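Letter by letter, the chains look like this.
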Amino acid sequence: MSRFINTNKEYYWGDWYFKNHVMSADFDYKAHKKELSPYYEQRGFKVSMMFADYFSRLNGIMSDRYLSMDLYYFFVIPSLNRYDFKDAYLDKNIYSLLFPDVKQPVTVVKNMHGHFYLDGEEITMGQAVAAVEAADGELIIKPTVETCNGEGVAQIQGLSAEPVKELFAQYGINFIVQKKVKQHPDLQRVNPTSLNSMRLYTYRHTNGICEFLYPFAHMRFGGKGAIKDNVSQGGGTCLIHPDGLVDDRVYRFKRMAVSSLSQETGITHLVVPEYQCVIDTLLKMHQRLPYFDFVGWDVTVLPDGEPLLIEFNLVPSVEGPQMMAGPMFGDCLDEVIERACSVDCTRVQGYKKTFAKDCLFYLHMQ
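Quantities reported herein were computed from a predicted structural model and do not represent experimental measurements.

### Re the nonpolar core
Leu 67, Val 76, Phe 294 and Phe 329 are the most contacted members of the largest nonpolar core, which totals 50 residues. If you list the elements that add at least two residues to this core, you get helix H1 (8–21), helix H2 (38–41), helix H3 (50–59), helix H4 (69–80), strand E7 (198–204), helix H12 (319–325) and helix H13 (333–340). Those residues in contact with Phe 329 that sit more than four places away from it in its chain are Leu 67, Tyr 72, Val 76, Leu 80, Tyr 203, Leu 213, Phe 216, Phe 294 and Val 336. The next biggest cluster of nonpolar side chains, apart from the first, holds 36 residues, and it includes Val 102, Met 285, Phe 292 and Val 295.

### A look at the side chain of Glu 319
Inspection of the secondary structure puts Glu 319 in helix H12. Despite its burial, Glu 319 pairs with no opposite charge; the closest candidate is Arg 199, at 8.7 Å N-O. Leaving out residues up to four positions away in the same chain, Glu 319 has contacts with Tyr 17, Val 22, Phe 55, Met 69, Tyr 73 and Phe 253.

### Considering the pairing of strand E4 (residues 139–143)
Counted residue by residue, E4 has five buried out of five residues, so it is predominantly covered. Burial along E4 is two-sided: the residues Leu 139, Ile 141 and Pro 143 and Ile 140 and Lys 142 are all buried. Relative to strand E5 (residues 154–156), E4 is paired through three bridges, and the arrangement is antiparallel. Bridging across to E5, Ile 140 finds its partner in Gln 155. Here E4 pairs with strand E6 (residues 175–179) via five bridges, running antiparallel. Paired with Ile 141 across the bridge in E6 is Val 177.

### Thoughts on helix H7 (residues 125–134)
Among all positions of H7, only Ala 128, Val 129, Ala 131 and Val 132 are buried. Projected down its long axis, H7 carries its buried residues within an arc of 160°, all on one side.

Definitions and limits used
Numbers given for residues are sequential positions, taken from 1 along each chain in its written order. Whole-chain, interface and lining totals are the exception, using all residues; otherwise, since this is a predicted model, local features are given only for residues with pLDDT of at least 70 and side-chain atom pairs are given and counted only at 80 or more. Excluding hydrogens and water, the side-chain values take into account all heavy atoms of the structure. Definition used in this section: a nonpolar core is a set of buried Ala, Val, Leu, Ile, Met, Phe, Trp, Tyr and Cys residues joined via side-chain atoms within 4.5 Å. Each residue is assigned to one of three classes by its accessible area relative to the maximum for its type, calculated with a 1.4 Å probe on protein chains only: buried under 20%, partly exposed between the two thresholds, exposed over 50%. By the criteria applied, helices consist of DSSP H or I runs no shorter than four residues and strands consist of E runs no shorter than two, each listed in order from the N terminus. Contact criterion: two residues are considered in contact whenever any of their non-hydrogen atoms come within 4.5 Å of each other. Working convention for charge: Lys and Arg count positive, Asp and Glu count negative, and His plus the chain ends are omitted. Whenever Lys or Arg places a side-chain nitrogen within 4 Å of a carboxyl oxygen from Asp or Glu, that contact is recorded as a salt bridge. If DSSP finds at least two bridges between two strands, the strands pair. Each direction from the helix axis to a C-beta atom contributes to the arc, which is the arc of those directions.

Any functional reading would require information beyond the geometric quantities listed.
Structural data, given as C-alpha cells:
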C-alpha cells in the first residue's frame, strides 16, 4: 500500500513525541523503525513497529496493534471526542456543575474568566482574598484550563492578605483554590506527601454502551517529597487488577527498568478500597458526557471509602497504559480504528496548532 491516511508529517510527529516524552535514551529505536505494523497497514495507517518493540520489552506482550502517537492524537481522539466542545468541558471550575452528586475536593474559591466565585455566587477580589486567608489547613491552588502533567499545582498554607494577592496575580485568571484532600490511609501510605490517584478509562461503544477498560487502570504516586502524582516527573505507576489489587511492578517514563512497589515502599498486597464502587460511579458519570466517547478519569478514595473525583481528561495519554498492559483499547480496538478511518482531516488540523517550535523543526528536517 503506497498511500496512507496519516501523512508523513503526522507519522514523523508521532516519532518525535515518542522519543521526547516516553522512550528511554538507551533504547535502539532504529532497529524496527522502518518495519510497519501489518495490522494498521491493512487499515490504511502507517505505524512503525518501533512502538511494539519498545512497549513489549517492558510488558512482555508482543503485538502489532500498539497505537502510535500520531494515530492516537490526530485520528483516534478526534473520532471519539468532539474537539470543538473539549476545552469548555475541561474547565475544572465546572466539575461541580457537571457532577454535583459526586464527591470532589472542598473548594475555597474559584476564578473563572477573571471573576471570583464562592459557593456559586460571584464575589469581589477582596472577599476571595479573605476566604483564602481564613481557610484552615493545607490548600492546593491550580490552574483550571489548558493544563496537563500537574503544571501549576502548588500547596499553600497560612498566607496573609498580601501574599494571597500576589499569588492571585501570579495565576491571573482561571484557577481554583481547594482544601488538600485527605485520602484513604491505604492509598496514602504509598507516598505520604502526594495525592495518590488512579487513572481509569471508560469507552462508549457505537451502540451507546459505556465500558470500563479494566486492563489499563493504574495507580499513580509521586516521587519522594512531591505533592503531585506525576509519573513523567519522577513518580511511578502500577497496574490495578480487576479485583482492585495493585500490581507490584512499578513503571516510569524514560526508563527501561521496571522496579518493585514492595521493595520501594515495603507495601505488599495493596488493594484499592471500594474499587467496584469507583468503577460504577465513573460509568454513571460518563453518561453525562454525551459528546465524548473516551474519557480518562483521575480519582482517589476518601477515608470512608467513597470515590472522589480529581479531574477527567478528554485527551488522556495512552503511552503509560500501553507500557504496562499492551495495545490500548484491547478488544475494542477494531471498532475504534474503524471510527478513526472516517476522521475528516480538516478537523484533525486543529490539534496541529499546538505543535511546539522544536517539533515543527524536527518535522521539517525529516
